[in-house]
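# A structural walkthrough
Listed below, chain by chain, are the residues.
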Amino acid sequence: MADEKSLNFLEEIVENDLKEGKYKTIATRFPPEPNGYLHLGHAKSICLNFGLALKYGGKTNLRFDDTNPVTEETEYVENIKNDVQWLGFQWAEELYASDYFPQLYEFAVRLIKKGLAYVDDSTSDEIAEQKGTPTQPGRNNIYRNRPIEENLRLFAEMKDGKYPDGSKVLRAKIDMAHVNMLMRDPVIYRIKHAHHHRTGDTWCIYPMYDFAHGQSDSIEQITHSICTLEFVPHRELYNWCIENLEIYPSQQYEFARLNMTYTMMSKRKLLQLVNEKLVNGWDDPRMPTLSGVRRRGFTPESLREFCEKIGVAKRDNLIDLSLLEFCAREHLNKISDRRMVVFDPLKVVITNYPEGQEEMMPTENNTEAENAGVRHMPFGRELWIEREDYMENPPKKYFRLAPGQMVRLKSGFIIRCDEAIKNAAGEVTELHCTYFPESRSGHDTSGLHVKGVIHWVSVKHAVPAEIRLYDKLFVTEDMNAIEDDFKNHLNPDSLKVLSKVYAEPELANAKLGDHFQFLRMGYFVLDPDSTPGKLIFNRTVTLRESK
RNA sequence: UGUCCUAUGGUGUAAUGGUAACACAGCAGAUUUUGAUUCUGCUUUUCUAGGUUCGAAUCCUAGUAGGACAACCA
């Protein structure tokens with residue numbers, strides 16, 4: 001019997017509703033606006049919405065909230081769909097708020113007929129000014145009492161394109177003194193002579209969020225409409241619309257959005273980074289976008305696990321980036337084949353190894369995975385090792401090469417450093433070592449004991465490659481707390497390119513999407529910029545390092 | 001000088017009136033042909049003040065702190 005995991009507050013609500021027979025089955029939706037790429041915050045919402053339906057046997061619609069033609073594009077639609085599927089979820093129906101434009105128009109007419117909406121000729125400045133402030137009530141204007149017939153005529157003329165942008169709006173008639181600013185006669189339709197990515201030029205009036213979202217939920221009979229905390233004040237208006245339109249009563253619930261240390265999760269600001277070329281596009285591996293983290297090498301499994309681990313609640317949070325890294329390593333450790341790659345090469349010549357001799361050293365691909373198999377690495381007289389695996393004057397607990405000190409070449413032999421060759425500038429250019437033939441990996445009869453084990457690549461067989469090392473995009477922990485321009489907080493060292501590293505020959509066969517652990521260096525994935533002649537790897541995350 | 005939401009280790013999240021727990025992070029140690037993985041142990045918690053109750057992290061009141069709200073954005 002598995003011990004029961006406690007429920008988050010949304011699961012509690014759903015279980016309760018199901019238990020009380022309020023619903024037979026539930027319906028949720030994921031409602032992105034196609035004006036940018038999905039990021040980790042959306043992943044939380046996706047996992048929540050799809051996860052709830054999956055867990056309780058309901059369905060989830062993918063609904064594009066495309067009510068603002070000015071910022072929305074088909075390119076975004078395609079990428080959003082791709083991202084959701086990549087994360088591992090399949091929607092019941094692919095829908096668009098714009099599908100409901102005719103119906104939404106009818107809803108507006110219905111409101112006008114009930115005396116609950118009016119056409120206002122005020123400018124947006126005037127409307128804002130009449131609205132009051134959170135501590136002062138707003139006031140009614142002369143348009144508020146327009147007769148129903150006139151409103152009907154004017155609204156129809158708005159729709160027919162008789163008026164220019166900004167000249168008129170349709171407002172719900174609620175209460176200009178309401179304590180909730182959103183209830184002070186909110187604008188529900190505005191004129192925009194703009195081309196819509198789906199409806200083209202059919203419409204020149206478009207509903208506002210508050211007059212589209214709840215109605216769309218209702219049309220689709222969404223039972224639980226889950227959104228982030230900033231929509232809490234909208235709930236009153238959401239319910240007002242449903243009540244006065246007398247339509248299916250979807251219910252809105254709010255959770256706290258995801259915030260992460262050293263990460264910017266604002267679509268608007270991410271767009272700015274892209275537009276100003278401060279990153280290399282939406283899928284730059286430093287971006288918190290799903291396309292970015294995918295290219296970086298994060299797996300959907302690790303992201304889903306991350307979303308599971310961060311939980312769901314209503315208080316503001318700032319999740320440690322290290323939790324995401326932990327989830328990445330946890331999964332990558334299980335699925336990644338091990339490979340050896342030398343980043344900062346230093347040549348080792350094994351002076352007692354016969355010139356011209358080669359042998360193949362078997363080495364396991366991944367001891368964490370069953371059936372990962374073995375590969376064979378060529379071993380020869382000349383090898384590349386990591387420059388930092390040699391020290392002339394090592395500290396006490398240094399287990400690697402130093403004058404007279406021994407080390408194990410992983411899956412190879414034990415070698416001893418006899419001499420460091422230096423150039424005129426005093427820099428070490430190569431190491432002369434002796435190997436112990438009886439210390440062959442797996443057949444070690446040498447009786448030697450060494451603590452240090454290092455990776456290596458045969459000079460003759462090494463494959464050159466490029467490595468891209470990524471670090472956090474911002475240097476500031478809480479990017480929500482800053483008051484100056486967020487671009488002041490960019491990490492100048494967020495990308496470091498090593499243009500010539502030496503990889504073991506097996507990596508020449510790497511395919512897009514292959515995840516590797518480069519021994520002692522971290523987890524890497526082949527980047528799509530790679531060409532047949534040029535391998536490029538992105539570092540997904542370093543190995544955990546302790547000392 | 002308003003309304004609403006929130007307050008549990010460093011960071012998250014549980015405990016649903018009955019012994020405050022789990023994960024991450026941190027620190028120690030064991031194992032290790034990756035200074036990885038794995039394993040073991042440790043450090044650290046209920047915002048404050050009243051009240052209800054045999055008993056409060058939980059319920060009530062007040063305070064304090066943080067967040068949201070004055071787009072023809074979503």
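One can find the structure itself at the top, above this paragraph.
Summarised in this report is the structure supplied together with it.

Reading the values: rules and limits
- Residues numbered from 1 in each chain as written.
- Chains lettered and ligands numbered in written order.
- Predicted model: local features only at pLDDT ≥ 70, side-chain atom pairs only at ≥ 80, totals over all residues.
- Heavy atoms only, no water.
- Helix = DSSP H or I, 4+ residues; strand = E, 2+ residues; numbered from the N terminus.
- Buried < 20%, exposed > 50% of the residue type's maximum accessible area, 1.4 Å probe, protein only.
- Contact = heavy atoms within 4.5 Å.
- Areas by Shrake-Rupley, 256 points an atom, 1.4 Å probe, with all protein chains shown as cover.
- Lys, Arg positive; Asp, Glu negative; His and termini not counted.
- Charge placed at Lys NZ, Arg CZ, Asp CG, Glu CD.
- Phe/Tyr/Trp six-rings, centres within 6.5 Å; stacked < 30°, edge-to-face > 60°.
- Lys NZ or Arg CZ within 6 Å of the ring centre and 35° of its normal.
- Pairing = 2+ DSSP bridges.
- Axes fitted to C-alpha atoms, helices over the stretch in contact; angles between N-to-C directions.
- Parallel < 35°, antiparallel > 145°, perpendicular 65-115°, else oblique.
- Nonpolar A, V, L, I, M, F, W, Y, C, P; charged D, E, K, R; others polar.

## Regarding the overall build of chain A
Counting its secondary structure elements, chain A contains twelve helices and 25 strands. Projected onto the principal axes, the alpha-carbon positions of chain A cover approximately 100 × 60 × 40 Å. In chain A, which comprises 547 residues, the share counted as buried stands at 53%. Taking all contacts inside chain A whose residues are at least 6 apart in sequence as the whole, residues at least 24 apart take part in 70%. Total accessible area on chain A stands at roughly 25300 Å², and carbon and sulfur atoms take up 48% of it. Of the charged side chains in chain A, 70 are positive and 83 negative; the average position of the first set lies 1 Å away from that of the second.

## Some details on the packing of aromatic side chains
How two aromatic rings sit relative to each other is given by the distance of their centres and the angle of their planes. According to the stated counting rule, one finds 24 aromatic pairs in the structure shown. Here Tyr209 and Phe231 contribute two aromatic rings whose centre-to-centre distance is 5.0 Å and whose plane-to-plane angle is 35 degrees, an arrangement assigned as tilted. Here Phe231 lies in the loop between strand E8 (224–228) and helix H8 (234–245) and Tyr209 lies in the loop between strand E7 (205–207) and helix H7 (213–219), a separation of 22 residues in the sequence. For Tyr209, a relative accessible area of 23% puts it in the partly exposed group. An aromatic cluster of at least three residues, connected via ring pairs, comprises Phe101, Tyr105, Phe155, Tyr189, Trp203, Tyr206 and Phe211. Stacked on the ring of Tyr105, the Lys or Arg Lys159 has its end atom at 5.1 Å from the ring centre. Lying across the ring of Tyr262, Lys472 places its NZ or CZ 4.6 Å from the centre.

## Re the pairing of strand E23 (residues 515–518)
With burial as the criterion, each face of E23 is covered, one bearing His515 and Gln517 and the other bearing Phe516 and Phe518. Here strand E10 (residues 337–339) pairs with E23 via three bridges, running parallel. Looking at the pairing, Arg338 lines up with Gln517 of E23. As paired strands, E23 and strand E24 (residues 522–526) are joined by four bridges and run antiparallel to one another. What sits directly across from Gln517, in E24, is Tyr523. Counting the residues in the hairpin turn of E23 and E24 gives three residues, including Arg520, whose phi is positive at 70 degrees.

## So, the packing of helix H4 (residues 101–113) against H8
Close contact between H4 and H8 brings their axes to 10 Å; oriented N to C, the two are set at 75 degrees. Here H4 lies roughly perpendicular to H8, going by the angle between them. Where H4 approaches H8, its residues Phe107, Arg110 and Leu111 are matched on the opposing element by Trp240, Asn244 and Leu245. Each residue belonging to the contact of H4 with H8 can be placed in one class, and the counts come to four nonpolar, one polar and one charged.

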